[in-house]
Structures are given as structure tokens and as C-alpha cells.
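# Structure at a glance
Below are the chains, spelled out letter by letter.
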Amino acid sequence: MFDIDKWQEILSTIKKNKMRTFLTGFSVAWGIFMLMILLGSGNGLSNGVASNFMNDAVNAMWIWTGETTIAHQGLKPGRPIQFHNDDYDIITNIPGVETASGRYFMGNTRYSYGKESGEYTTVTCHPELNEVDRMELLEGRFINDVDILQTRKVVVIGKDIHEALFKEKPALGEYVRINNVPFKVVGVCIEPESTRNRNAYMPVSTAQKVFNGSNRLHNFAITINGETLDESQAIEERIRTTFARKHRFDVADESAMGMYNKLENYIQTMRIFQAIKIFIWIIGIGTLIAGIVGVSNIMLIVVKERTKEIGIRKAIGASPASVIGLILLESILITTLAGYIGLVLGTGLMELVNYAMVQSAGDAAGQGETIFLNPTVDFGVAVSATILLVVAGTIAGYIPAKRAASIKPIVALRDE
Amino acid sequence: MIKLNNIHKSYDMGSSKLHVLKGIDLEIEQGEFVSIMGSSGSGKSTLLNILGMLDNYDEGSYLLANKLIANMSEKKAAQLRNDMVGFVFQSFNLISFKNAMENVALPLYYKGVNRKKRNAIALEYLEKLGLKEWAEHMPNEMSGGQKQRVAIARALISNPKIILADEPTGALDTSTSYEVMDILKEINDAGITVIIVTHEHDIAAMTQKVVRLKDGRIDEIIRNGELREFRHTYNKELVTA
Ligand SMILES: Nc1ncnc2c1ncn2[C@@H]1O[C@H](COP(=O)(O)OP(=O)(O)OP(=O)(O)O)[C@@H](O)[C@H]1O
Ligand SMILES: [Mg+2]
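Residues numbered from 1 in each chain as written. Chains lettered and ligands numbered in written order. Predicted model: local features only at pLDDT ≥ 70, side-chain atom pairs only at ≥ 80, totals over all residues. Heavy atoms only, no water.

What follows covers the packing of aromatic side chains. Going through the model one piece at a time under the given rule, you end up with 14 aromatic pairs over all chains. Ring plane angle 40° and centroid distance 5.9 Å describe the contact between Phe22(A) and Phe26(A), whose orientation is recorded as tilted. Of this pair, Phe22(A) and Phe26(A) both sit in helix α2 (residues 18-54), 4 residues apart, which is roughly one turn of the helix. Relative accessible area serves as the criterion here: at 45%, Phe26(A) is assigned to the partly exposed category. Members of the aromatic cluster, joined through ring pairs, are Phe22(A), Phe26(A), Trp30(A) and Phe33(A). The ring of Tyr125(B) has Lys128(B) lying over it, and the distance from NZ or CZ to the ring centre is 4.4 Å. (Phe/Tyr/Trp six-rings, centres within 6.5 Å; stacked < 30°, edge-to-face > 60°. Helix = DSSP H or I, 4+ residues; strand = E, 2+ residues; numbered from the N terminus. Buried < 20%, exposed > 50% of the residue type's maximum accessible area, 1.4 Å probe, protein only. Lys NZ or Arg CZ within 6 Å of the ring centre and 35° of its normal.)

In this section: unusual backbone geometry. One non-glycine residue, Gln73(A), lies in the positive phi region at around 45°. Locating Gln73(A) in the fold gives a position in the loop between β1 (60-65) and β2 (83-84). Classification of Gln73(A) by relative accessible area gives exposed; the value is 53%. Within the chain, Ala65(B) stands out as a residue other than glycine whose phi angle is a positive 50°. Turning to its location among the elements, Ala65(B) is positioned in the loop between β4 (59-64) and β5 (67-68).

This brings us to the site of ligand 1. Neighbouring residues of ligand 1: 15 residues in total, closest Arg414(A), Ser40(B), Lys44(B), Ser45(B) and Thr46(B). Chains contributing residues near ligand 1 are chains A and B. One of the backbone N or O atoms of Ser42(B) is found 3.3 Å from an oxygen atom in ligand 1. Between an oxygen atom of ligand 1 and a side-chain N or O atom of Lys44(B), the distance comes to 2.6 Å. Out of a free accessible area of 630 Å², ligand 1 has 70% covered by protein chains. When atom positions are compared with the pocket grids, ligand 1 is found to occupy the largest pocket. (Near = heavy atom within 4 Å. Polar contact = N/O pair within 3.5 Å; in protein donor to acceptor, adjacent residues only side chain to side chain. Areas by Shrake-Rupley, 256 points an atom, 1.4 Å probe, with all protein chains shown as cover. 1 Å grid on protein atoms, 1.4 Å probe; cavity = no way out; pocket = protein on both sides within 12 Å on 5 of 7 lines; lining within 4 Å. Sits in = over half its atoms within 2 Å of the grid points.)

Bringing the interface of chain B and chain A into the picture now. Facing the 27 residues of chain B at the interface are 26 residues of chain A. Overall, the association of chain B and chain A removes approximately 2400 Å² of surface from exposure, summing both partners, and the carbon and sulfur fraction of that is 57%. By the criterion of area lost to chain A, the three top residues of chain B are Phe97(B), Tyr109(B) and Tyr110(B), representing 28% of everything that side buries. Where chain B touches chain A, the interface holds 1 salt bridge. The closest approach of N and O atoms between Glu74(B) and Lys314(A), which form a salt bridge, is 3.3 Å. In this structure, the connection of chain B to chain A is made through 6 residue pairs in polar contact (both at pLDDT 80 or more). Those elements that place two or more of their residues in the side of chain B that touches chain A are α2 (74-84), β6 (85-89), α3 (100-109) and α4 (115-128) of chain B. Broken down by element, the residue count for the side of chain B that touches chain A peaks at 5 residues, all from α2(B). Of the residues belonging to the side of chain B that touches chain A, the class tally is 12 nonpolar, 6 polar and 9 charged. (Contact = heavy atoms within 4.5 Å. Buried area = accessible area lost by both parts, 1.4 Å probe. Salt bridge = Lys/Arg side-chain N within 4 Å of Asp/Glu carboxyl O. Nonpolar A, V, L, I, M, F, W, Y, C, P; charged D, E, K, R; others polar.)

Attention now goes to the environment of Ile285(A). All names here are of chain A. Within the secondary structure layout, Ile285 lies in helix α9 (residues 262-305). On the accessibility criterion, Ile285 (32% relative accessible area) is partly exposed. Considered as a pair, Ile285 and Leu35 are 250 residues apart in the sequence and their alpha carbons are 7.3 Å apart.

What follows deals with a nonpolar patch on the surface. Residue and element names in this part refer to chain A. Together, Met19, Phe22, Leu23, Phe26 and Trp30 line one region of the surface with nonpolar side chains, adding up to about 570 Å² of accessible area. Turning to its location among the elements, Trp30 is positioned in helix α2. For Trp30, a relative accessible area of 44% corresponds to the partly exposed category. (Patch = residues over 30% accessible without salt bridge, like charges linked within 9 Å, V, L, I, M, F, W, Y side chains within 5 Å.)

Before going further, it helps to spend a moment on the pairing of strand β9 (residues 209-214) of chain B. Residue and element names in this part refer to chain B. Burial within β9 is extensive, with 5 of its 6 residues counted as buried. Pairing of strand β3 (residues 33-38) with β9, which is carried by 5 bridges, proceeds in the parallel orientation. Counted as the bridge partner of Ile36 is Val211 from β9. As paired elements, β9 and strand β10 (residues 217-222) share 5 bridges and run antiparallel to each other. Bridging across to β10, Val211 finds its partner in Ile221. Linking two consecutive strands that pair antiparallel, namely β9 and β10, is a turn of 2 residues; a positive phi of about 55° is found at Asp215 within it. (Pairing = 2+ DSSP bridges.)

Another aspect to go through is the sheet that holds strand β13 (residues 257-261) of chain A. Backbone-to-backbone hydrogen bonds pair the strands of a sheet. The strands run either parallel or antiparallel. Residues and elements named next belong to chain A. With antiparallel pairing, 4 strands are arranged side by side in an open sheet as β3-β12-β1-β13. The strands lining the two open edges of the sheet, one partner per strand, are β3 (97-103) and β13. The average angle at which neighbouring strand axes cross in this sheet is 20°, direction not considered. Relative to strand β12 (residues 219-224), β1 is paired through 5 bridges, and the arrangement is antiparallel. Within β12, the position partnered with Trp62 by the bridge is Ala221. This element, helix α8 (residues 229-247), spans β1, β3, β12 and β13 of the sheet and lies at about 165° to β13. Sitting on the sheet, α9 is in contact with β1 and β13, with an inclination near 45° to β13. (Axes fitted to C-alpha atoms, helices over the stretch in contact; angles between N-to-C directions.)

Here the focus is the packing of α3(B) against α4(B). All names here are of chain B. For the pair α3 and α4, interaxial distance at closest approach is 8 Å and the crossing angle is 120°. Here α4 runs oblique to α3, going by the angle between their axes. The element α3 and its partner α4 pack so that their crossing is right-handed. Contacts between α3 and α4 pair Ala100, Met101, Glu102, Val104, Ala105, Leu108 and Tyr109 from the former with Arg115, Arg118, Asn119, Ile121, Ala122, Leu123, Tyr125 and Leu126 from the latter. Of the residues in the contact of α3 with α4, the class split is 11 nonpolar, 1 polar and 3 charged. (Parallel < 35°, antiparallel > 145°, perpendicular 65-115°, else oblique. Left-handed = near helix turned anticlockwise from the far one by under 90°.)

When its volume is computed, the largest pocket comes out at roughly 680 Å³. Arg414(A), Ser45(B), Thr46(B), Asn49(B) and Asp166(B) are the residues nearest the centre of the largest pocket, which is lined by 28 residues in total. Secondary-structure elements contributing two or more residues to the lining of the largest pocket are α13 (409-413) of chain A together with α1 (44-51), β6 and β7 (162-166) of chain B. A total of 5 residues in the lining of the largest pocket trace back to one element, the largest contributor, which is α1(B). Grouping the amino acids of the lining of the largest pocket by side-chain chemistry returns 12 nonpolar, 11 polar and 5 charged. (Points joined across faces, edges and corners; volume = space filled by probe spheres on them.)

The next subject is a negative patch on the surface. Residues and elements named next belong to chain B. Taken together, the side chains of Asp173, Glu179, Asp182, Glu186 and Asp189 present a region of like negative charge at the surface. By the element assignment, Asp173 lies in the loop between β7 and α6 (174-189). Overall, the relative accessible area of 47% leaves Asp173 in the partly exposed class. (Lys, Arg positive; Asp, Glu negative; His and termini not counted. Charge placed at Lys NZ, Arg CZ, Asp CG, Glu CD.)

This is the structure in C-alpha cells:
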């Protein structure tokens, strides 16, 4: 196989038939080029969407209450449902629930420090909220269990609040007044991939105590340990039936208790992308097959054109195997080389698009609102595409090579 | 060297069969210079192709160097051709995208000689045929006589025992034809058996033995001593024509 002379023989025929070689190679290069562009775009789309999901924990779930709309156990519709602290204990004990954080809605809250003041959203929470929302702490710490137990008057403020109230001064350890109640700042945080950091976080127990919340809660943010769609739906179902029984509403009543299951959405979206990917592969392979058929056809013409030459070679002493080798190797060489060029150009173009996107996005890249991210083809795909090409070249060359080997020198040499 | 015994050959023409050779008995010794003559369609090329193992025969036996040539695999035939025979054709049959040297070197490629060595040997042969300056030229840059000399060099390079030439002068003018015949004569003097097919009596008259084919059979064989008479007949044919 690796006989330098053989390759020299093939290279010299290729070199002396440049136009033919170019035409043969072009269809394959085009096929691979298109495949890479399609795959790259598909990857970009699914990477973009996946990254949007990834801002928060993928296995997160939110649960909130409303009013019933279905009569149940003799109770009329229109009855408000309200969570309490005991519901928090219940939800943390439901199998499949990893962590849970309860929230009590505070309405408008006014923050002031010295002469500066402003209205910001106060998120009351358990420490576990950080598992769901994944805040990044610039300084200090997040809310902890001791804060909850001792109902400490502490607050973690967003970066924007820090800048608005404290300007350049450090906030850690300072007291801000929240609706005129002094709270100690224990941390400054940002939400990654978000431009607005105007939220403050406060222990939910403190909020209930200080701001007349009693033991009421308005929603839960939880993480679950379901990996598959089925598991996550089973956990969702369990939570729903548990609360339906306790608060006496119909299990099917979506208004009494609302749920948003991120994993479910994520998996469904990823399924769509999986389907798109398969579709792209089918189109790509189709394009490639068109290329292979093209090469095979051109090689057949080549063999026909070279009938006389092959006849001469055979008369001079070429064995059928060497003739097969000549045509097959030429076909493989052209497909592989052309395919490689298509591969490089295709992935190169996608890298360029990626580069341009990163450049132009600049700050906006951190916003998390991209639907197109890193539209590149990974190395493994590129390698398998190359292997595919060699196989393609062999297939493309097989029939023409067989035809070439069966050429009889007397027929080829007979003067027309 | 060559022993043909009752060779038959027919071609399938769809439904019918064309019986071209109808029992050829012929013996050719090592070092002979033979020409095959006969009217068009009499089976000269067919006979030469069988001698060159380019085609197989239907009946009879063909012994080449005491070896029976029959039922060979294509691979074996190719090898034997490469070792034993050199071909020269009317239309030269050079490979158009290879230069003179590469064309001459090609049989050695199939013998497994490396590129450097075979090109050097090819140059030697081109020099012998007075074509050294033309080594790098492509076939379409050469005259018919030059092309035929390249083809002869190619036939010689693998040191064959036999040179088979199907109308080697058919596409050449008289003086170039004679030049080519001189070369073939030299080759023959070196001990190589040369068999040519020709239409031309003056060309045939330069060989030592003329085999006349007629209707797929050998009509007559004219040997060395009778060549004078052959020339006479040839002159007579010229007159009657
Ligand atoms: N491959 C083939 N298939 C069918 N018929 C063939 C084939 N080769 C030759 N023939 C026929 O066989 C007959 C003899 O052909 P051949 O080529 O041997 O003649 P020839 O004596 O060389 O003639 P010419 O002087 O014209 O070259 C012709 O009628 C030709 O048409
Ligand atoms: Mg003929």
C-alpha cells in the first residue's frame, strides 16, 4: 500500500490532469463544506439555547400559589391558596427534592444609606436559593442557616444597589435601612450573565418577623435530583399531589398551584435540537453522497478516457490489481484531499463567524440572550468526517476501478 | 522459441461466430526476423496478439520457450508479457501525458524498479536510439518516426526475448520506415526474435522469413533463400496492380 513509486505514479497523473482532478474534487469539497456549515450552525443554535438554560440550575423548579378554579370536596372555586412555613418542611421532605427555598413577597421596599435611597426588589429566601439562582458573590457571604434560625437582620445586596447607595465606599458591615429598619450588609453579589443586579436577598424568617409576614410563604424555588424527563415529571407529580391533598384543591387545578419545571423544558428543548441535529446529519450525508456519486461518475468517465492508456499499461505488463490500485488510490487521494480542503474551509468559516460574533457582542455577550453560541464543529466530528471521506473515496472508486481492470488490452489498443 | 500447433480463433459476433484463424502451424526460432503479410482481415493482428499473449486462442497449442501458453490468469499473462515480449504498434501507443523518458521507463515500473534507476536506464535506451535530447519532450511534440523510436525503446527496456510489431511503419513515410527497419534489424542482430506485421513488400523483403496469411490459414512461407524470388513476385504484383 505504501509504495512511494505508486504514489509518485498517481501524483504525476493527477498533476498532468489538473482540471479533471479539480472537477472531481470540487463536488466532494463542497459536500463536506456544507456538512461542516450545517453541523456548525446546528451546534451554535443548540449551544446558544443550552447556555441560556444554564444560567440557572437546570434541575430547578418553581412553585407558586393562586386561586382555585375547580370545585373540590364541596369547596367552591375562587378560594385563595396560601403556603406556610410547614409547607416548606413538607416540600424539603418530598423524595427527589434536593434543596428548597421559600419566599415571602415583600412588595416595594425602600433602601436608604446616608442621603442616598432607592426602591429595589427584596428576595426573601433560605440559603438554598443559591443552589437554584447561582449568584456570584463579589464580597462577603450569602444568607446562611444561622441567619434563618436567629432571624438576623442581614442582607446581601446586588452590585447595582451597592453602587447606587454606597458609590465607591465599601458596603460590607454597613447598615442600610430597608423600609426604615436597619439591616447589616453581609455580602455583595451579581447574577452571572445578567446586566441587572438590582435584587437584594434577606433571610425569609427575618422578613416574616420584621415585616408582619407571620408564617406565610408565597413561593418555593427548589432543585430536584431527577435526571430524565420521566423522573423529573414524577417528582413534579409527587409535589402536586402532596400539596393538593394538604390544601384541598383538585390535582388538575393549575391555577391553585403553578409549577415551572426547568428540567422538563430543558430536556424537551434539547430533544428538539437532537432532532434538528439528526436532520442536519441526514442532509449533510445526503450532500456527501451526491459528492460521492459525482466522484464515481467522473472516475467512470476518467476510466473511459483512459481506456487506451490502461490498455497500453496492461500490454506492457500491468496486472489487473495494479490497475485497480491506480484508479482506487487516485479516487481516494482526490476525495480525501478535496474533502480535507472542504473541511478546513467549512470549519474555518464557522470559527470566523464565531470570532466575529464574540467581537461584535462585546459586553453584550454576558447578557445571556444569545441564541447562537460557539458555532463550531468539534474535533471528533471532523476526524470521523475524514474517515468517512476515505471510505467515500473507496466506494466512489470501486466501480470505475473494476471497470478499468476488466479492460482488454486488444480492445483498448485496436485502432478506431 | 515459438511453436504454434493448429491454432484456431474465432470472435463472437453476437449470434454468429467469426472464424478468423483456421488452424495455424508455425515455428519460429530464437533470433529470427519474421514478417507476417496478408490482405486486410486475414487475421495478421489476431495472430500477433495471440503470440503476444494479449488474446487467447480457442484450439490448438502455443508453446513459448517450451512453456504451454494456455488458461493463464491475467496477472500471470501480464507478468509473462512484461518479461518476454516487447510491443511496437502502428499508432505508437505512447501515454500522452508522460514524456519520452517516462514512457520508456514504464515497463520497468511494473517490474518494480525504482524511479531513479528506471529513468536512468530509459535515458540509456533513448540515447541508443538517438533521442537523448528528446527525453523530456511529450509525445505530441515529436514526429512519427521519433515516436516510433520511443516506442521501440520502451519495447526494448525490459530485455524481451521477442519484439512484436504490428505495422510499425504503417504510419510513417518511406525514409522513416527504412530508418525504423534498420533499428529493428540491429535489434535482431543482437539476438532478439523480431516479428512484424506489414502490408508493404519492401518492408517484408528486409526480413528473413515472410509468412503469408490467407483466409485464416498460412498460404506460404518464404524463406531466406527464396527472398530473391519473393522480390520478383513483388515486382510482378506492382506491375499488375
Ligand atoms: N476483438 C474482435 N472482435 C470481433 N472481431 C474481431 C476482433 N478483432 C478482429 N476481428 C475481426 O477478425 C478479422 C481479422 O482481424 P485482424 O485484425 O486480425 O486482421 P488483420 O489481418 O490484422 O487486418 P488489417 O490488415 O486490416 O490490420 C477481421 O474481420 C476483424 O474484423
Ligand atoms: Mg491488423
